[in-house]
Amino acid sequence: MCSREDFQAQRSQLVALLVSGSLEGFECILDWLLSWEVLSWEDYESLRLLGQPLSHSARCLLDTVWSKGAWGCEKLIAAIQEAQASSHSPEVHACWSPHSRQPAQDLQSHRPAVVRKLYSHVEAVLDLAQERGFLSQYECDEIRLPIFTSSQRARRLLDLAAVKANGLAAFLLEHVQELPIPRSLPFEAAECQKYISKLRTTVSAQSRFLSTYDGAENLCLEDVYTENILEIRTEVGMTGPSQKSPATLGLEELFSTHSYLNKDADTVLVVGEAGSGKSTLLQRLHLLWATGQDFQEFLFVFPFSCRQLQCVAKPLSLRTLLFEHCCWPDAGQQDIFQFLLDQPHRVLLTFDGFDEFKFRFTDQERHCSPHDPASVQILLFNLLQGNLLKNARKVLTSRPDAVSALLRKFVRTEYQIRGFSEEAIRLYLRKHHREPGVADHLIQLLQSTSALHGLCHLPVFSWMVSKCHQELLLHKGGSPRTTTDMYLLILQHFLLHASLPDSASHGLGPGLLQGRLPTMTHLGRLALWGLATCRYVFSAQQLQAAQVDSEDISLGFLVRAQSVPGSAAPLEFLHITFQCFFAAFYLVLSADTPAASFKHLFSCHQTGSLPPARVRLRLCVQSSRNKEDGELALLKKAEPHNLHITAAFLAGLLSQEHRALLAQCQASEKALLRCHACARQCLARSLRKHFHSIPPAVPGEAKSMHAMPGFVWLIRSLYEMQEERLAREAVRGLDIGHLKLTFCSVGPAECAALAFVLRHLRRPIALQLDHNAVGDIGVEQLLPCLSVCKALYLRDNNISDRGICQLIEHALHCEQLQKLALFNNKLTDGCAGSLARLLASKQNFLALRLGNNYITATGAQVLAQGLKDNTSLQFLGFWGNSVSDKGAQALAEALTGHRSLTWLSLVGNNIGSVGAQALALMLEKNIALEELCLEENHIGDEGVCWLAEGLKRNSSLRVLK
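Residues numbered from 1 in each chain as written. Predicted model: local features only at pLDDT ≥ 70, side-chain atom pairs only at ≥ 80, totals over all residues. Heavy atoms only, no water.

Q: Mind showing me how you'd approach the overall build of the protein chain here?
A: Of regular secondary structure, the protein chain possesses 46 helices and 21 strands. Relative to its full complement of 961 residues, the protein chain shows a buried share of 57%. Of the contacts made within the protein chain by residues no fewer than 6 positions apart, 78% connect residues no fewer than 24 positions apart. By element, 51% of the accessible surface of the protein chain is carried by carbon and sulfur atoms, the whole surface being about 39700 Å². (Helix = DSSP H or I, 4+ residues; strand = E, 2+ residues; numbered from the N terminus. Buried < 20%, exposed > 50% of the residue type's maximum accessible area, 1.4 Å probe, protein only. Contact = heavy atoms within 4.5 Å. Areas by Shrake-Rupley, 256 points an atom, 1.4 Å probe, with all protein chains shown as cover.)

Q: I keep staring at the packing of aromatic side chains and nothing clicks. Help me out?
A: How two aromatic rings sit relative to each other is given by the distance of their centres and the angle of their planes. Throughout the structure, instances matching the rule amount to 36 aromatic pairs. Ring centres of Y195 and F300 lie 6.1 Å apart, and the angle between their planes is 35 degrees; this geometry places the pair in the tilted category. Note that Y195 is positioned in helix α13 (residues 187-207) and F300 in strand β6 (residues 300-305), a separation of 105 residues in sequence. Pair check on accessibility: Y195 and F300 agree, each one buried. Ring geometry for F581 and F649: centres 5.3 Å apart, planes at 80 degrees, overall edge-to-face. Here F581 is found in helix α31 (residues 576-589), whereas its partner F649 is found in helix α34 (residues 640-653), with 68 residues between them in sequence. (Phe/Tyr/Trp six-rings, centres within 6.5 Å; stacked < 30°, edge-to-face > 60°.)

Q: Hey, could you run me through the packing of helix α3 (residues 23-35) against helix α8 (residues 111-118) in this one?
A: Angle between the axes and distance between the axes: these two values describe a pair of packed helices. Interhelical geometry of α3 versus α8 gives an angle of 135 degrees and a closest axis separation of 8 Å. Judged by the angle between their axes, α3 and α8 are oblique. When α3 is examined against α8, the residues D31, W32, L34 and S35 are found in contact with a partner set consisting of R111, P112 and V115. For the contact of α3 with α8, the per-class residue count stands at four nonpolar, one polar and two charged. (Axes fitted to C-alpha atoms, helices over the stretch in contact; angles between N-to-C directions. Parallel < 35°, antiparallel > 145°, perpendicular 65-115°, else oblique. Nonpolar A, V, L, I, M, F, W, Y, C, P; charged D, E, K, R; others polar.)

Q: How should I be thinking about the environment of R430 in this particular structure?
A: Looking at the element boundaries, R430 is found in helix α21 (residues 422-432). R430 gets classed as partly exposed once you look at its relative accessible area, which sits at 40%.

Q: What is the right way to read the sheet that holds strand β8 (residues 393-398) from this model?
A: Paired through backbone hydrogen bonds, the strands of a sheet run either parallel or antiparallel to each other. Taking strand neighbours across the sheet as the criterion, the seven strands line up as β4-β3-β9-β5-β8-β7-β6 in an open arrangement whose pairing is mixed. Whereas interior strands pair on both sides, the edge strands pair on one side only; in this sheet they are β4 (248-249) and β6. Judged from the five bridges that link them, strand β5 (residues 267-271) and strand β9 (residues 411-417) form a sheet pairing that is parallel. Each bridged residue has a counterpart across the sheet, and for V268 the counterpart in β9 is T413. (Pairing = 2+ DSSP bridges.)

Q: It is not clear to me how the sheet that holds strand β20 (residues 931-933) should be interpreted in this structure. Could you clarify?
A: Strand order in the open sheet made by the ten strands is β12-β13-β14-β15-β16-β17-β18-β19-β20-β21, with parallel pairing throughout. In the strand order of this sheet, the two ends are held by β12 (704-706) and β21 (959-960), each with one partner. Bridging between strand β13 (residues 738-740) and strand β14 (residues 765-768) involves three bridges; their strand directions are parallel. Bridging from a neighbouring strand, L739 pairs with L767 of β14.

Q: What is the right way to read unusual backbone geometry from this model?
A: Excluding glycine, residues mostly carry a negative phi; peptide bonds, for their part, are mostly trans. Not every positive phi belongs to a glycine, and N391 is a case in point at roughly 80 degrees. Within the secondary structure, N391 is located in the loop between α19 (376-385) and β8. Assessed through its relative accessible area of 46%, N391 is described here as partly exposed. The phi angle at D796 is positive, at roughly 55 degrees, despite the residue not being glycine.

Q: Even after reading the chapter, I still don't get the side chain of S207, so can you show me in this structure?
A: Within the secondary structure, S207 is located in helix α13. Here V203 takes part through its backbone oxygen, which lies 2.7 Å from a polar atom of the side chain of S207. Not counting residues within four places of it along the chain, the set of residues in contact with S207 comprises L221, Q283, H286 and L287. (Polar contact = N/O pair within 3.5 Å; in protein donor to acceptor, adjacent residues only side chain to side chain.)

Q: I keep staring at the pairing of β5 and nothing clicks. Help me out?
A: Side-chain positions along a regular strand alternate between the two faces of the sheet. Across the five residues of β5, five count as buried, placing the element largely inside the fold. Residues T267, L269 and V271 of β5 are buried on one face, and the alternating residues V268 and V270, pointing to the opposite face, are buried as well. Sheet topology note: the β5/β8 ladder contains five bridges and is parallel. Within β8, the position partnered with T267 by the bridge is K394.

Q: So what exactly am I meant to see when it comes to the state of the cysteines here?
A: Every disulfide links exactly two cysteines, by a covalent bond between their sulfur atoms. According to the stated counting rule, one finds zero disulfides in the structure shown. Not engaged in a disulfide, the cysteine C678 finds its nearest cysteine sulfur in C682; these two sulfurs lie 4.0 Å apart. (Disulfide = S-S within 2.5 Å.)

Q: What is the right way to look at the packing of helix α43 (residues 857-868) against helix α44 (residues 884-895) in this model?
A: Their axes nearest at 8 Å, the elements α43 and α44 cross at an angle of 5 degrees. Taken as axis vectors, α43 and α44 run roughly parallel relative to one another. Facing α43, whose interface residues are A857, A860, Q861, A864, L867 and K868, α44 presents S884, K886, G887, A890, L891, E893, A894 and L895. Grouping the constituent residues of the contact of α43 with α44 by class yields eight nonpolar, three polar and three charged.

Q: Before we go on, may I ask you to explain the side chain of E356 in this structure?
A: Looking at where E356 falls in the secondary structure, it is placed in the loop between β7 (347-352) and α19. Excluding residues that lie within four positions of it along the chain, E356 makes contacts with R307, Q310, C534, Y536 and I576.

Q: Sorry if this is basic, but what is going on with a positive patch on the surface here?
A: A contiguous patch of positive charge on the surface is contributed by R685, R688, R732 and R762. Within the secondary structure layout, R688 lies in helix α36 (residues 669-692). (Patch = residues over 30% accessible without salt bridge, like charges linked within 9 Å, V, L, I, M, F, W, Y side chains within 5 Å. Salt bridge = Lys/Arg side-chain N within 4 Å of Asp/Glu carboxyl O. Lys, Arg positive; Asp, Glu negative; His and termini not counted. Charge placed at Lys NZ, Arg CZ, Asp CG, Glu CD.)

Q: Please clarify how the pattern of salt bridges should be interpreted in this entry.
A: Any two side chains of opposite charge can pair, on the condition that their charged atoms come close. Inspection of the entire model under this criterion finds 36 salt bridges. In this structure, the salt-bridge partner of R153 is E123, at a minimum N-O distance of 3.0 Å. Within this pair, whereas R153 is found in helix α11 (residues 150-163), its partner E123 is found in helix α9 (residues 122-131), the two being separated by 30 residues in sequence. R153 sits in the buried class, given a relative accessible area of 11%. Of the residues examined, E123 reaches a relative accessible area of 33% and is grouped as partly exposed. For R144, the salt bridge identified is with D127, shortest N-O distance 2.6 Å. Here the residue R144 occupies a position in the loop between α10 (137-143) and α11, and D127 occupies one in helix α9, the gap between them amounting to 17 residues.

Q: Hey, could you run me through the nonpolar core in this one?
A: In globular proteins that are soluble, nonpolar side chains generally tend to be buried together. Grouped together as the largest cluster of nonpolar side chains are 180 residues, with contacts concentrated most on F585, L794 and L848. Per-element accounting of this core gives the leading share, twelve residues, to α31. Beyond its immediate chain neighbours, meaning those up to four positions away, L794 contacts L769, D770, V774, V779, L782, I799, L807, A821, L822, F823 and N825. Counting 71 residues, the second largest nonpolar core, distinct from the first, contains L199, L254, V270 and F323. (Core = buried A, V, L, I, M, F, W, Y, C linked by side-chain atoms within 4.5 Å.)

Q: Any chance you could explain α44 here in plain terms?
A: Helical geometry note: an α-helix holds 3.6 residues per turn, so side chains three or four residues apart project in the same direction. Taking 1.5 Å as the rise per residue, α44 with twelve residues should run 16 Å; its terminal C-alpha atoms sit 17 Å apart, in good agreement. For α44, the complete set of buried residues consists of G887, A888, A890, L891, A892, A894 and L895. Tucked into the core, α44 has its buried residues touching α43, β19 (903-905) and α45 (913-925). (Expected span 1.5 Å × (residues − 1).)

Q: I tried to follow the confidence of the model for the protein chain on my own but got confused; where do I start?
A: Low pLDDT marks stretches whose predicted atomic positions should not be read closely. Per-chain confidence: the protein chain averages 84 in pLDDT, with 86% of residues scoring 70 or above. Note that pLDDT drops below 50 for residues 183-187; the model gives that stretch eleven contacts with residues more than four away or on any other chain. (pLDDT = per-residue confidence, 0-100.)

Take a look at the structure:
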């Protein structure tokens, strides 16, 4: 018995008991009280108001129950005991008639048991109820809001059944009875299930919406997500002659590949350039797991941001890292953590943006205790090595330059995210612009503007095009060509939206910019200080120190970051590239910046086998405050990949096209001209330094240059400046026969920069761009320099028929071009007509390598027609296609009387004895062929006999494989 007086005397203990557990436990108590009719529906609805602190709801419950008398007080004590018992043993003992005449009342009477049976199947039950017409789409969406756990969704479904008179209650009563009884779990497992449910809800809420770069709107990730090109990264020498190019994978295949760099490692590495979509890819992974669509082999997924982890100053244990910095268990913390340690293969940890982690990876300090505290970098490094949570899978994203050879020793599989394909660009624009005609007009604009099209393979530029679609479509000025052009366009967009309506028609004029010059200065100072100190998330104190006020923030370039422990309201730039842009803007507008700063900014020093050494940038920023003088030493620690981006923006801002705009905002035009002259001179000097470092040619061979890490960045900077004369001066005297740029992350934008510079070469070169991300758009960018290429190597570049057909159309008019290497791409029979035309038209063409593509007998027959009219080809590579017997017959017929071909490879083409017979007949009459490669076919004994007969009458063949 429990009198009201005893109940009132124990009130403080009861409050403590009710709030000591989780919200789930409190709602379970409400279930029991509702089923016993201690609470009315009015009582229940007032107690489950969203957003109320649990302590407030607990006190309201005690007040409500006390008003019911001694019986109500006794029932509350009984409900607490039942809730505690059910958390230890979640078996369901209740049963009911599925054909009750009062289904809503029976659902309420058996509510605790119904919730226990329903919560594991609530998604399927919602789908079935909607399919049968009991629920609308809106009602389902309301129940499925990501803030609710599975059991909360089950309760909201029952609440809805109590008020709907369309048969929903009877449907649930019957259907829930048929659901399988959940397995009885020990207490620890039950707590794990509750924690998993909470973790899924937390991760779902964080990843369900895609915040746009400007933070102005939240878009449902499911509605706008667009797949990137994701490929397994291969090393030189790993791809044999019969292996296909890296397959384009789906996100769901991230852990299913059998291609390992180190099969004993746990870490999957995803590398990509800034703005290529790495963070969005991880967000998509999180959402697929949280909603149960994929990656269900993992029970726990813990997402982390490296730029935020580095803000953690105090030592912490692995348990603290997982629970305090990701998701806190409401109960059973020790048991749950022990479960994680016992079942690490069911755990996935993701770390986004390793390139923004200021600590360099090292394996010098080993930390193996999951309980002892350590610095955040030591925890992260030992997690990646497997010293902590061995066999738990980790996903790490980074820009390529930040990944050292030492870190790669602990990588299981490495992927490259290449950005958008052409189809993905179109799909992205259509998803973001559903208004009639807008997406079509934007797509037409891109297709007619080669340079802008090339930029958009990076999602960040596609977003800019989408954001500035009105400026691009309505204003008839020239379309953006360079990266700087695009960032100035987005700057104009933000400034206009923050200005008076009547200024919208004037564009980015000096008046508009000058009015916001203090804001640009404040943001630039903050950006440069952040780059120097490797800080990308800024506290209120740091914003105040940089004089960034609310008006500066309102412009939109600083957006709220995810919650960082110890920070009140942290902000970050829209994207790391915007931080670099504002830093460059600040350097240009700082009249007192000495010339030495630009000389160091455009100088790149390399050390041994390590990644490019840090650029030594010495900036003298005059200030009345002594505090800023300390920034000089900090700037030496800035990451080189960020300073490279900054330098490219600096070159673009100093270009003739934009210099006039900045001159009207600059107190000293003379200082601006001096900056331009210095940057121009430094760029030319740095390129010449690269060229002069080329070792002398081996006697009898052409002089070859393998580009050093800074070469592509210098070319990009030169392209941003858009000076033809400077490009000519930069390559004057360059005397090489072969320029090699393999594994240099060359995409369409880099191709445009290369073409801008290389077209001024006086002597033809062989340009090797193997293992990059050129694609069809990049091929289009390369066309201006095709006339100075005597050979073009494009292995592993995701090029399709469209790109090759466009290339050949221009190659027909390039007398110098004699060799094309196109193996390991996406070529099909669709390009065979263009290739045949190339062979028939160019009688100085020497080598065509088409290995490891998707050409069949049909394509081989078409190509053979062009081969018949060719008199110069010496090397023809067809390995790894599917020409089969018919294709071999066509090629053999074309080569019967050919006088120049000395090497032919048909390895791995599904050729049988019929094809071998045709090749044997060709050998009887051909007097030029010296090497024939036929491995990995189905020639058989009969085919070999045919070949033997053909060899009896052949005097030229030296090698037969």
